[in-house]
Amino acid sequence: MEATDATETRRELDKKCVTEGSYHVTEASSQTDPKVQGHGPRLSKVNLYTLLSLWMELFPQKKAVFSNENEVTRRTGLVVVHERRILGLHCSSAELHAGQVAVVKHGPRLTRCDLYFSRKPCSTCLKMIINAGVSRISYWPGDPEISLLASDEASSSADSRLEAELDAAAAEKLKSSSRPYMGVLLQPLAFDMQQYVEETSASCDFQEKMATDLPVVDVGDLFRQQLWQNRDELSRVFLVVDETRHRGLLTKMGLVTFCAEPYFSNLRQHMRDLVRLLASVASSVPRVEDAGYGFYLKGGSSTITSPNVPQDVIRHCIVQAKLLAYRTEDPKVGVGAVIWAEGQLGLCDGTGRLHLVGCGYNAYPVGSEYGEYPQMDDKQGDRQSRKYRYIIHAEQNAITFRSVEIKEEQGTMLFVTKCPCDECVPMIRAAGIRQVYTTDLDSGKKKNDISYLRFDGLQGVQKFIWQRRPQTKSVCEKQSPFTVANGCMKHLRQESSEPLPSKRLCS
Amino acid sequence: MEATDATETRRELDKKCVTEGSYHVTEASSQTDPKVQGHGPRLSKVNLYTLLSLWMELFPQKKAVFSNENEVTRRTGLVVVHERRILGLHCSSAELHAGQVAVVKHGPRLTRCDLYFSRKPCSTCLKMIINAGVSRISYWPGDPEISLLASDEASSSADSRLEAELDAAAAEKLKSSSRPYMGVLLQPLAFDMQQYVEETSASCDFQEKMATDLPVVDVGDLFRQQLWQNRDELSRVFLVVDETRHRGLLTKMGLVTFCAEPYFSNLRQHMRDLVRLLASVASSVPRVEDAGYGFYLKGGSSTITSPNVPQDVIRHCIVQAKLLAYRTEDPKVGVGAVIWAEGQLGLCDGTGRLHLVGCGYNAYPVGSEYGEYPQMDDKQGDRQSRKYRYIIHAEQNAITFRSVEIKEEQGTMLFVTKCPCDECVPMIRAAGIRQVYTTDLDSGKKKNDISYLRFDGLQGVQKFIWQRRPQTKSVCEKQSPFTVANGCMKHLRQESSEPLPSKRLCS
Amino acid sequence: MEATDATETRRELDKKCVTEGSYHVTEASSQTDPKVQGHGPRLSKVNLYTLLSLWMELFPQKKAVFSNENEVTRRTGLVVVHERRILGLHCSSAELHAGQVAVVKHGPRLTRCDLYFSRKPCSTCLKMIINAGVSRISYWPGDPEISLLASDEASSSADSRLEAELDAAAAEKLKSSSRPYMGVLLQPLAFDMQQYVEETSASCDFQEKMATDLPVVDVGDLFRQQLWQNRDELSRVFLVVDETRHRGLLTKMGLVTFCAEPYFSNLRQHMRDLVRLLASVASSVPRVEDAGYGFYLKGGSSTITSPNVPQDVIRHCIVQAKLLAYRTEDPKVGVGAVIWAEGQLGLCDGTGRLHLVGCGYNAYPVGSEYGEYPQMDDKQGDRQSRKYRYIIHAEQNAITFRSVEIKEEQGTMLFVTKCPCDECVPMIRAAGIRQVYTTDLDSGKKKNDISYLRFDGLQGVQKFIWQRRPQTKSVCEKQSPFTVANGCMKHLRQESSEPLPSKRLCS
């Protein structure tokens, strides 16, 4: 059913949402402004890793994965964590499953790692990662990598059904005979998390930048359209609408305990909540390439404005950073940073030649207790009580806890959700980062305790800024009249007959 | 005496063999077929490392080692082990002893390593490896690196005798004052190991391939000839024929406890057994270069068929893999794999620019208990009881537990004793391996639970297959009539007047 | 005051020296010859690291550091130690503080490291290194990185004073809230250490080489001049002459306990002793570039005699090795070795593209107890009681305990205080070292148990020897008559009217 009827899925979900009284997009008013409230809710580690694994499953790929060869195999996302560091963000490639990718990429470094999969991995991957000595294997309790839903279809062959069942049985055998913990790690969100994420996503620097640039466009409306689209897509991929089928699937996967109430409803609610949250974060950086919006070289001429990484990959990485930002310890502003590099061997990973170098969010020094350090900002209290001298910035954490060394010959890229400040700029350059993808909303500003004066002058590092594509008139004319939604609502073409803002981006 | 009279040695050994009632080549009938029996005997870890150290001493080298400079210094092989991983396979070079090679190559990584030497290392090497913090130093109880046998000769100078004795004394002083365990680690073989190894060596894929290609040649006979030759050579290098001299040597090396009976006889028996076993394994890949047999590019034209590594080095590496295969946990078929790469700095090791990347054999996941997983194959039991979904292949273990990273610019080579299956082929490519040396006996076959269909289509990796050299007619004519044995019996030229098979390879 | 009145400082110090009855240069006679005495005193680890951190602050740099931008920030030296290994020797660069350099260079490797700073680091550096998980932060109790002395000046702005005080307060907050030990680690020197270092510095190979080459020059006199100059300079940089100001500074830095007697006097005495010792060691390799003395290619023609590292950097590295030599375990001759390489990324460190590979001194194997091994040399006892077979040479320790791998493409350099012996020469080459900086005083000599015959023949490694610059007549004429002191006494130009040796180097 998965790939057939998006509209139906959406209606289903809407109904459920109403039934269960959960939040609805149109309700996302600004009743509570987290910027006034102070401390926003945080993601737990486990939920962060889970969300990142789901998101990695959607890493943009040129080649279709497993499309012809074996229809029952699903693409899978994977997060590899060692102690407090994320060592790798992976996804299945045309040739290898995510678990195999981890074995090839990390080898002996997998020892004592925790692995978070967006699907229960197949038994071949399981045997290899168990063999490598991992500590923990967590997976999303939806359709597994060797799809039980697909093999369940009437159209599927007896062979593939048998294969899926033998695989599930072998996975259970491996689980019972091996040392690593293996199971489902999902945690309920903080009660106000959903709303907080939606509001901060709708008002983040990327949205603000567009609102500033294009005062005639209703950016909030654009955000809501993207949000609907993302919810549809993500639900289709990660949720199992039919309860009976979900129960059957959990049973085959050895998760019988989850099939009884109230655990079953709780599980499904958590899954829905996380998918919805991911949709909100993904909407914070809208897909509006067709409208000429994206990451382009700051002050660049038209010839060299484009980065050598596609816009959809940049967007994916920025959303990774956005997710990380929701684990901030900063009382007010969460910032996330991810560093990727173009490596040598690009044959194996679903991310191609790109590999993760490090990632981080802003926080007090590792090991500090809650409330131990000053927390006020420059609008409150005296200078001795302010947070600025104590918070480690996202970029600093990404560099400090990097999982591989940065090499000169690899074009290392930093993706960060806010403009780097003067404390970080020289470190970014010294660390050997060659490209920064960010917004420059704060660039050139100087506040009392933090300033952003050095970013513009940063030499030897290319700065790709979220902005409209610097373009010649002719290009603009060629694209001529189109609506904001054109670029980002391909899947909902029927619904684009709804009243849409007629404001033109090129006007 | 060592280098003077091979024939005498051989007679000696024959006599002993008879006296002690141990197995003889010609007795190696197929009374017990291990393929029917089920579980074959396994090598212990300690014996595997010891055998690999002996074999490494014989790594083919262009330059003679220590030939002019210092006659009393013997070439030495070395295996460096950390936890369950082999970090390095080394041997003395023209400039450095094996222990120094290990210090230069591994430096701080030697901490807590176990070192297995093919000879007791000299005191200079000992002080450095003790200083590096190794845990264990094991050595073969034959003539040490600073040869006590050579210095014992009448022809040797008083200086070199004094030097050898001062060195031996210093080594004992270092042993008594330092933390690492230092001594002789040899274990008796399983009672049927010798026969099992001989039979499986005689019937392995390399032998079968020749038998298939050359039905007119008696491959079994060829194997036996190689076996005799190898036994002679290895005994000459690693055993001390004369009991009195061996006792004297053990005494000087501080191994007095081994000089009393029955320990002395036991020690000598274990040494003979291991040398004999090594000879059997070495014979499984015959030296028949002159007969045009070797590892050549699969489907290659005559111009680019030759690998850039010499045939004798390839053969050495394949025999390393064969040794590893005898530690398999697979109930029936042992497979071994070794990965070597061409590094940057090739000044120091006896292996030149080649350095070990990793090695492995097929086994159940690390940490599993005996008999915990299904063990049947596709001829027995139902599919749920079969081993295939649980066994980690030799190539997978070599990649997973690699000791260094594979780099694009280094031509990384995999040596594996059986054709890689469809599960391994994409991982081999993704890992960055550029050349595979193997047999293709199974290539193209598909069994119920395991298939070999993808190896032939493997792109971007050169496949060097054990086969006859693809050659033009003229080359064949130039080599003109010769016997199978010509190429491999240089050392036994007198004996080649024995009745030999007159079947010509070129006929 | 620091940079204004060197002469006054010197007088101050002289007076103190007399008052406190401590050693004076002109008293440095050879009453006790440590070469006859046997065991010399050793530096403690903590003092060694502290001295290295002070010395690193003085690493020669082209660009002035922090000169315009922020006058209150002082350059700082830093030594990063993990277990018994020095991982890094750093100093502030034009863009980054030393602590930031360590974060960028080492990242996650900083976990459980000990850091020795030549000044108390600023709060920004502190938060980052605490965050990185270091174990210990030790700093020299002089003026901190954000100078309290400078901000104390009448000329300094209210802003910079406030900044310095907020920074000091934040540093104390970080100290009280974080896990790593943070404080002052200084230890009293052994009672005869000062004299021992002065005498061995005055008679080391570098001095002897000059004495041999230039019999007409009074090398001892040259040494004493350098010593005076170095004492002046180092005292100006590292000591706080005025007691009241020092007390005020310690109080602001949270070191109130050091302000009471007798702790205050003791602290100042230890600081003076260490600065004086550093001055002695620094004088062992005199700055006489103008006199045509330096490190030049052995046997090189005039065209390629110069290394690509400036002479002042070479001298700095040799002095690092000299400091290490004072932790020798050898009963008579201390040797130190430092390996540096030219890395890829040279943007961040005050050492430019150079980074430390490893360092060591000669010692018995790690883990051995005092007096466990023979200690005599070739002038005493029989050959079995001699030290030679047990001592690990400085070069061997530097290679064994290296902190990064040596790469072919990086021109790796070894700086060693004595000519490498025949045991080390092949290891140096095999390790991939491309350049050696040393003296060749022993080269070509053969003693009973140790020989230096292979150094001259060492191929593939450039040997830069402490010697007079091989020069053409014309160059010599151009430089025309000058005195020895010209090159090295720029700061004491007034005093160069003192009676100086009129012997000309070019005569």
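The text that follows walks through the structure, step by step, so that each part is easy to find. This one's a predicted model, so the numbers in the text were calculated from it and none came from an experiment. (Residues numbered from 1 in each chain as written. Chains lettered and ligands numbered in written order. Predicted model: local features only at pLDDT ≥ 70, side-chain atom pairs only at ≥ 80, totals over all residues. Heavy atoms only, no water.)

**Concerning the relation of the copies chain A and chain B**
Between the two copies, chain A and chain B, the superposition gives an RMSD of 0.1 Å; the rotation angle is 120° and the shift along the axis is 0.0 Å. This pairing of chains is accounted for by a three-fold axis. (Least-squares fit on C-alpha atoms with pLDDT ≥ 70 in both.)

**Let's talk about the pattern of salt bridges**
Applying the stated rule across the entire model yields 74 salt bridges over all chains. Here glutamate 423 of chain A ties to lysine 127 of chain C by a salt bridge, and the two come within 2.8 Å at their closest N and O atoms. One end of the pair, glutamate 423 of chain A, is in the loop between strand S9 (413-416) and helix H15 (425-430); the other, lysine 127 of chain C, is in helix H5 (residues 123-131), on a second chain. Accessibility expressed as a relative area gives 1% for lysine 127 of chain C, which makes it buried. The salt bridge involving aspartate 442 of chain C is made with lysine 445 of chain C; its shortest N-O contact spans 3.8 Å. Residue class for aspartate 442 of chain C comes out buried when judged on its relative accessible area of 7%. The exposure class of lysine 445 of chain C is partly exposed, given its relative accessible area of 39%. Linked through salt bridges whose partners overlap, the residues forming this network are Asp205, Lys418, Asp442 and Lys445 of chain A. (Salt bridge = Lys/Arg side-chain N within 4 Å of Asp/Glu carboxyl O. Helix = DSSP H or I, 4+ residues; strand = E, 2+ residues; numbered from the N terminus. Buried < 20%, exposed > 50% of the residue type's maximum accessible area, 1.4 Å probe, protein only.)

**Here's the deal with the interface of chain B and chain C**
Think of interface size as the accessible area that goes away when the parts come together; that is how it is often given. Residue-level contacts link 33 residues of chain B with 35 residues of chain C. Summing both partners gives a buried area of about 3,000 Å² for chain B against chain C, and 54% of it is carried by carbon and sulfur. Counting the contacts that link chain B with chain C gives six salt bridges. The salt bridge involving glutamate 408 of chain C is made with arginine 353 of chain B; its shortest N-O contact spans 3.8 Å. At the boundary of chain B with chain C, the tally comes to nine residue pairs in polar contact (both at pLDDT 80 or more). Tallying contributions element by element places helix H7 (residues 158-177) of chain B first for the side of chain B that touches chain C, with nine residues. (Contact = heavy atoms within 4.5 Å. Buried area = accessible area lost by both parts, 1.4 Å probe. Polar contact = N/O pair within 3.5 Å; in protein donor to acceptor, adjacent residues only side chain to side chain.)

**A few points about the packing of aromatic side chains**
Throughout the structure, instances matching the rule amount to 39 aromatic pairs over all chains. The interplanar angle of 65° and the centroid separation of 6.0 Å between the aromatic rings of phenylalanine 206 of chain A and phenylalanine 295 of chain A together place this pair among those described as edge-to-face. Of the two residues, phenylalanine 206 of chain A sits in helix H9 (residues 205-213) while phenylalanine 295 of chain A sits in strand S6 (residues 293-297), which places them 89 residues apart along the sequence. Take phenylalanine 206 of chain A and phenylalanine 295 of chain A: they sit in the same class, and that class is buried. Ring geometry for tyrosine 437 of chain B against phenylalanine 464 of chain B: centres 5.0 Å apart, planes inclined by 15°, an arrangement best described as stacked. Here phenylalanine 464 of chain B lies in strand S11 (residues 462-468) and tyrosine 437 of chain B lies in strand S10 (residues 435-438), a separation of 27 residues in the sequence. Take phenylalanine 464 of chain B: its relative accessible area is 1%, and that puts it in the buried class. (Phe/Tyr/Trp six-rings, centres within 6.5 Å; stacked < 30°, edge-to-face > 60°.)

**Section: the side chain of arginine 119 of chain C**
All names here are of chain C. Along the chain, arginine 119 turns up in the loop between strand S3 (114-117) and H5. Residue classification places arginine 119 among the buried residues on the basis of a relative accessible area of 3%. Arginine 119 has contacts with Glu57, Arg74, Arg75, Thr76, Tyr139, Trp140, Asp143, Pro144, Glu145, Val237 and Phe238, leaving out every residue within four places of it along the chain.

**Observations regarding helix H5 (residues 123-131) of chain A**
All names here are of chain A. Burial within H5 is extensive, with eight of its nine residues counted as buried. The set of residues buried in H5 consists of Ser123, Cys125, Leu126, Lys127, Met128, Ile129, Ile130 and Asn131. Trailing H5 by a residue or two, glycine 133 shows a phi angle of about 90°, which is positive.

**Notes on unusual backbone geometry**
Residues and elements named next belong to chain B. Between glutamate 261 and the following residue, proline 262, the backbone shows a cis peptide bond with an omega angle of 5°. Position of proline 262 relative to the elements: it lies in the loop between helix H11 (243-252) and helix H12 (263-283). The residue arginine 112 is not glycine, and still its phi comes out positive at about 65°. Turning to its location among the elements, arginine 112 is positioned in the loop between helix H4 (98-106) and strand S3 (114-117). You can call arginine 112 exposed: its relative accessible area is 59%.

**What to know about the packing of H4 of chain B against helix H5 (residues 123-131) of chain B**
Helices that pack against each other are described as a pair by the angle of their axes relative to one another and the distance between those axes. All names here are of chain B. Across the interface, H4 lies against H5 with an axial gap of 8 Å and an inter-helix angle of 30°. By the angle between their directions, the pair H4 and H5 is classed as roughly parallel. Along this stretch, H4 crosses H5, giving a crossing that reads as left-handed. Every residue of H5 that contacts H4 at Gly99, Gln100 and Val103 is listed here: Thr124, Cys125, Met128 and Ile129. Looking at side-chain class alone, the contact of H4 with H5 contains four nonpolar, three polar and no charged residues. (Axes fitted to C-alpha atoms, helices over the stretch in contact; angles between N-to-C directions. Parallel < 35°, antiparallel > 145°, perpendicular 65-115°, else oblique. Left-handed = near helix turned anticlockwise from the far one by under 90°. Nonpolar A, V, L, I, M, F, W, Y, C, P; charged D, E, K, R; others polar.)

**Looking at the interface of chain A and chain B**
Across the boundary between the two partners, chain A contributes 33 residues, which contact 35 residues of chain B. With both chains or domains summed, chain A and chain B bury close to 2,900 Å², and 54% of this area falls on carbon and sulfur atoms. Here chain A and chain B share six salt bridges between them. There are nine residue pairs in polar contact (both at pLDDT 80 or more) connecting chain A and chain B. Elements supplying a minimum of two residues to the side of chain A that touches chain B: helix H4 (98-106), H5 and helix H7 (158-177) of chain A. Take the side of chain A that touches chain B: its biggest share by element is nine residues, from H7 of chain A. Its residues placed into classes, the side of chain A that touches chain B shows 15 nonpolar, nine polar and nine charged.

**Here's the deal with the sheet that holds strand S1 (residues 77-82) of chain C**
Residues and elements named next belong to chain C. Taken in spatial order, the five strands make up an open sheet running S2-S1-S3-S4-S5, and their pairing is mixed. At either end of the open sheet lies a strand with only one pairing partner, and these are strand S2 (85-91) and strand S5 (181-183). On average, adjacent strands in this sheet sit at an angle of 15° to one another, irrespective of strand direction. Taken together, the three bridges between strand S4 (residues 136-139) and S5 define a ladder with parallel strand orientation. From the neighbouring strand, isoleucine 137 faces S5, where its bridge partner is methionine 182. (Pairing = 2+ DSSP bridges.)

**A short note on the side chain of aspartate 330 of chain B**
Residues and elements named next belong to chain B. Here aspartate 330 shows up in the loop between helix H13 (311-325) and strand S7 (336-342). Within polar-contact distance, the side chain of aspartate 330 engages the backbone nitrogen of lysine 332 at 2.7 Å. Residues within four places of aspartate 330 in sequence aside, it is in contact with Asn362, Lys387 and Ile391.

**Some remarks on the sheet that holds strand S4 (residues 136-139) of chain B**
Residue and element names in this part refer to chain B. Spatially, five strands are ordered S2-S1-S3-S4-S5 in an open sheet, and the strand pairing comes out mixed. The strands lining the two open edges of the sheet, one partner per strand, are strand S2 (85-91) and strand S5 (181-183). Sheet twist, expressed as the mean angle between neighbouring strand axes with direction ignored, is 15°. As defined by bridge partners, strand S1 (residues 77-82) adjoins S3 across four bridges and the pair is classed as antiparallel. Across the sheet, the residue bridging to valine 81 is aspartate 114, located in S3. Here helix H3 (residues 45-57) sits on the sheet and contacts S1, S2, S3 and S4; the angle it forms with S1, its principal contact strand, is near 145°.

**Some words on the state of the cysteines**
All names here are of chain C. Counted according to the given criterion, the structure contains zero disulfides over all chains. The structure places no disulfide on cysteine 359, whose sulfur is separated from the nearest cysteine sulfur, that of cysteine 317, by 11 Å. For cysteine 359, a relative accessible area of 14% puts it in the buried group. (Disulfide = S-S within 2.5 Å.)

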